[in-house]
Amino acid sequence: MRKLLGVTLGVLTAMGGFVDIGDIVANAETGARFGVSLAWAVVIGVIGICVFAEMAGRVAAVSGRPVFDLVRERLGAKVGLVNLLASFFITSLTLTAEVGGIALALQLASDVNFLFWIPLAGLLVWVVIWRVRFESMERIFGLMGLVLIVMAVALWRLSPDWGALWHDAAHPAVPSGEGHPTYLYWSIALFGAAMTPYEVFFFSSGAVEEHWTRRDLMLNKANVFIGFPLGGVLSLALMGLTATVFEPVGVSVDHLSQAALPTSVALGKVGLALVIVGFFAATFGAALETALSCGYTMSQYFGWQWGKLVRPVEAARFHVLVLVMIVIAVLVGLTAVDPIKVTEYSIVLSAAALPLTYVPIYLVANDTEYMGDNANRVLSNVLGGVFLVVLLVVAAVTIPLMIATKAGT
């Protein structure tokens, strides 16, 4: 049972990476507009994050140091600073969206405007980070996020034409009325959402927080190969739901309530209640991850004391930074900026910055000085090398596609 609970780090990371507020709407929107013809982008993203998260967790377990700590040492202060600035900006942008996402989930449950809930959402995130132990935090919100399995149950209850869904997924094509640039833009959005940089920063830092060693390498694999694919399955279930309910009638999705509607149609009020709880848990978990990742990356680069396991008085700069970023997220959220749009932009911009995150991980995982006998084997190197080429191509075309398609509209 203890080993099973140990997998919750991967579950929490997956829930925050695949099923946060932007991904909920992005997967729902692509299902409504493109059916399941973009399922391949989610699958490729899941494989990619598994490859690099396994490397990041292995590096943390063997060296006892998180990835960002080694990036500066391995690549130098200047390259590390570029990495820091890009990842910190994207992570803080995502934190703003997640705080807004919590508020939207509370609005869905209460019918009270989400702006009312934003300060409370920020306060709750800070209280959990300040007072709740790391292991308890990951288990509570990781396991709560599993409620989103209700989406898979709802898809089964709707009894779609499974053959047609499989055909569309296995033979992707641009639907009539949609252009190739828009199709590619949304594929990059889904891919970028699956491989968001803060996922590996949080995952490797969490491994250090939990004092992983070489004896935990199998636990690392279990976290990666159970948690992340589970997040991908839930994303595909949501895509399938909106493809079944909305695509035939030409209805688009641009709000959280619309993303929840298919589950309500299939399972009634109980299904709606469960999916709202799942949305809350997933967005709250993502807010915890992004807030902590802001503190992790900055502290690790500058060599500050960091972590939830360290007494706050001994890691004051880490805790102050996390608090400041939460306050900024709340203040930006109170301007009434659309948290869904913020996240959609953040996941696309993160796609443009992906090589900055994953090239250093690949290099460190191959460095026998750090890794010894646990350096990358042939399969990890081949898969990692292929994905690095893909990441470079994605980074090159992301911004032009965003401009050409007006952010996928």
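If you're wondering where the values come from, they're calculated on a predicted model, not measured in any experiment.

Next up on the list: the overall build of the protein. The secondary structure content of the protein amounts to 19 helices and 0 strands. In terms of C-alpha radius of gyration, the protein reaches 20 Å, essentially the compact-globule figure of 22 Å for 409 residues. Principal axes of the C-alpha set define a box for the protein whose edges measure 55 × 45 × 45 Å. The buried share of the protein, taken over its 409 residues, is 58%. Within the protein, contacts between residues separated by at least 24 positions form 84% of all contacts whose residues are at least 6 apart in sequence. Of note, the protein has its 22 positive side-chain charges centred 9 Å away from the centre of its 26 negative side-chain charges.

As a further point, take the pattern of salt bridges. Applying the stated criterion across every chain yields a total of 4 salt bridges. For Arg33, the salt bridge goes to Glu178, with nearest N and O atoms at 2.9 Å. One end of the pair, Arg33, is in helix H3 (residues 21–34); the other, Glu178, is in the loop between helix H10 (162–170) and helix H11 (180–194), with 145 residues separating them in the sequence. Of the charged contacts in the structure, one is a salt bridge between Glu54 and Lys221, with a shortest N-O distance of 3.6 Å. Within this pair, whereas Glu54 is found in helix H4 (residues 39–63), its partner Lys221 is found in helix H13 (residues 217–245), the two being separated by 167 residues in sequence. Taking the relative accessible area as the measure of exposure, Glu54 reaches 6% and is therefore buried. Each of Glu29, Arg33 and Glu178 takes part in one network of salt bridges that share partners.

With that settled, consider the nonpolar core. Core analysis: the biggest nonpolar cluster contains 132 residues, and Phe52, Val125, Met151, Phe279, Ile326 and Tyr358 have the highest contact counts within it. Looking at which element gives the most residues to this core, the answer is helix H14 (residues 256–302), with 18 residues.

Below, the discussion takes up the environment of Val79. Relative to the helices and strands, Val79 resides in helix H6 (residues 77–110). Along the chain, Val79 and Glu54 lie 25 residues apart, while their C-alpha atoms are 23 Å from each other.

Between its terminal C-alpha atoms helix H17 (residues 354–366) stretches 19 Å, which fits the 18 Å expected from 13 residues at 1.5 Å a residue. Residues Leu354, Pro355, Thr357, Tyr358, Pro360, Ile361, Tyr362, Val364 and Ala365 constitute the buried set of H17.

Attention shifts here to the side chain of Glu209. Among the structural elements, Glu209 can be located in helix H12 (residues 197–209). According to the relative accessible area criterion, Glu209 is buried, its value standing at 5%. Here the side chain of Glu209 touches Tyr296 through a polar contact of 2.7 Å, side chain to side chain. Glu209 has contacts with Phe134, Tyr296, Trp306, Gly307, Lys308 and Leu309, leaving out every residue within four places of it along the chain.

The geometry of H4 relative to helix H19 (residues 378–405) is characterised by a closest axis approach of 10 Å and an angle of 120 degrees between their N-to-C directions. As summarised for this structure, H4 and H19 are arranged oblique, according to the angle between their axes. With respect to the hand of their crossing, H4 and H19 are arranged in left-handed fashion. Counting all contacts with H4, which are made through Ile44, Ile47, Gly48, Val51, Phe52, Glu54, Met55 and Arg58, the residues of H19 involved are Ser380, Leu383, Gly384, Phe387, Leu388 and Leu391.

Let's shift gears to a nonpolar patch on the surface. Among the surface-exposed residues, Val320, Val324, Ile328, Val332 and Val337 lie close enough to one another that they form a single nonpolar patch of about 340 Å² accessible area. Within the secondary structure, Val332 sits in helix H15 (residues 316–333).

With that out of the way, let us pick up unusual backbone geometry. Look at Asp111: it is not a glycine, yet its phi comes out positive at around 65 degrees. Along the chain, Asp111 turns up in the loop between H6 and helix H7 (114–131). For Ser159, which is not a glycine, the phi torsion comes out positive at approximately 50 degrees.

This part covers the packing of aromatic side chains. Under the definition given, this model contains 12 aromatic pairs. With a centroid separation of 5.7 Å and 20 degrees between ring planes, the pair formed by Tyr296 and Phe318 is classed as stacked. You can see Tyr296 sitting in helix H14 and its partner Phe318 sitting in helix H15, a full 22 residues away along the chain. Taking the relative accessible area as the measure of exposure, Phe318 reaches 0% and is therefore buried. What links up through ring pairs into an aromatic cluster is the set Phe203, Trp212 and Phe228.

Our focus in this paragraph is the environment of Gly295. Among the secondary structure elements, Gly295 is positioned in helix H14. By relative accessible area, Gly295 is classed as buried at 0%. Sequence spacing of Gly295 and Val324 is 29 residues, and the spatial spacing of their C-alpha atoms is 9.9 Å. Residues contacting Gly295, with those up to four places away along its chain left out, are Phe318, Leu321 and Val322.

One way to put it is that H6 packs onto H17 with a least axis distance of 9 Å and a crossing angle of 130 degrees. Overall, the two elements H6 and H17 adopt an arrangement that is oblique. Note on packing geometry: the crossing formed by H6 with H17 is left-handed. Contacts between H6 and H17 pair Val82, Asn83 and Ala86 from the former with Leu356, Thr357 and Pro360 from the latter. Each residue belonging to the contact of H6 with H17 can be placed in one class, and the counts come to 4 nonpolar, 2 polar and no charged.

The next thing to look at is the confidence of the model for the protein. Of the residues in the protein, 96% reach a pLDDT of 70 or more, and the chain-wide mean stands at 86. Confidence drops under pLDDT 50 across residues 1–6; counting only partners more than four residues distant or on other chains, this segment forms 5 contacts.

The rules behind each value
Residues numbered from 1 in each chain as written. Predicted model: local features only at pLDDT ≥ 70, side-chain atom pairs only at ≥ 80, totals over all residues. Heavy atoms only, no water. Helix = DSSP H or I, 4+ residues; strand = E, 2+ residues; numbered from the N terminus. Rg over C-alpha atoms; globule rule 2.2 N^0.38 Å. Buried < 20%, exposed > 50% of the residue type's maximum accessible area, 1.4 Å probe, protein only. Contact = heavy atoms within 4.5 Å. Lys, Arg positive; Asp, Glu negative; His and termini not counted. Charge placed at Lys NZ, Arg CZ, Asp CG, Glu CD. Salt bridge = Lys/Arg side-chain N within 4 Å of Asp/Glu carboxyl O. Core = buried A, V, L, I, M, F, W, Y, C linked by side-chain atoms within 4.5 Å. Expected span 1.5 Å × (residues − 1). Polar contact = N/O pair within 3.5 Å; in protein donor to acceptor, adjacent residues only side chain to side chain. Axes fitted to C-alpha atoms, helices over the stretch in contact; angles between N-to-C directions. Parallel < 35°, antiparallel > 145°, perpendicular 65-115°, else oblique. Left-handed = near helix turned anticlockwise from the far one by under 90°. Patch = residues over 30% accessible without salt bridge, like charges linked within 9 Å, V, L, I, M, F, W, Y side chains within 5 Å. Areas by Shrake-Rupley, 256 points an atom, 1.4 Å probe, with all protein chains shown as cover. Phe/Tyr/Trp six-rings, centres within 6.5 Å; stacked < 30°, edge-to-face > 60°. Nonpolar A, V, L, I, M, F, W, Y, C, P; charged D, E, K, R; others polar. pLDDT = per-residue confidence, 0-100.

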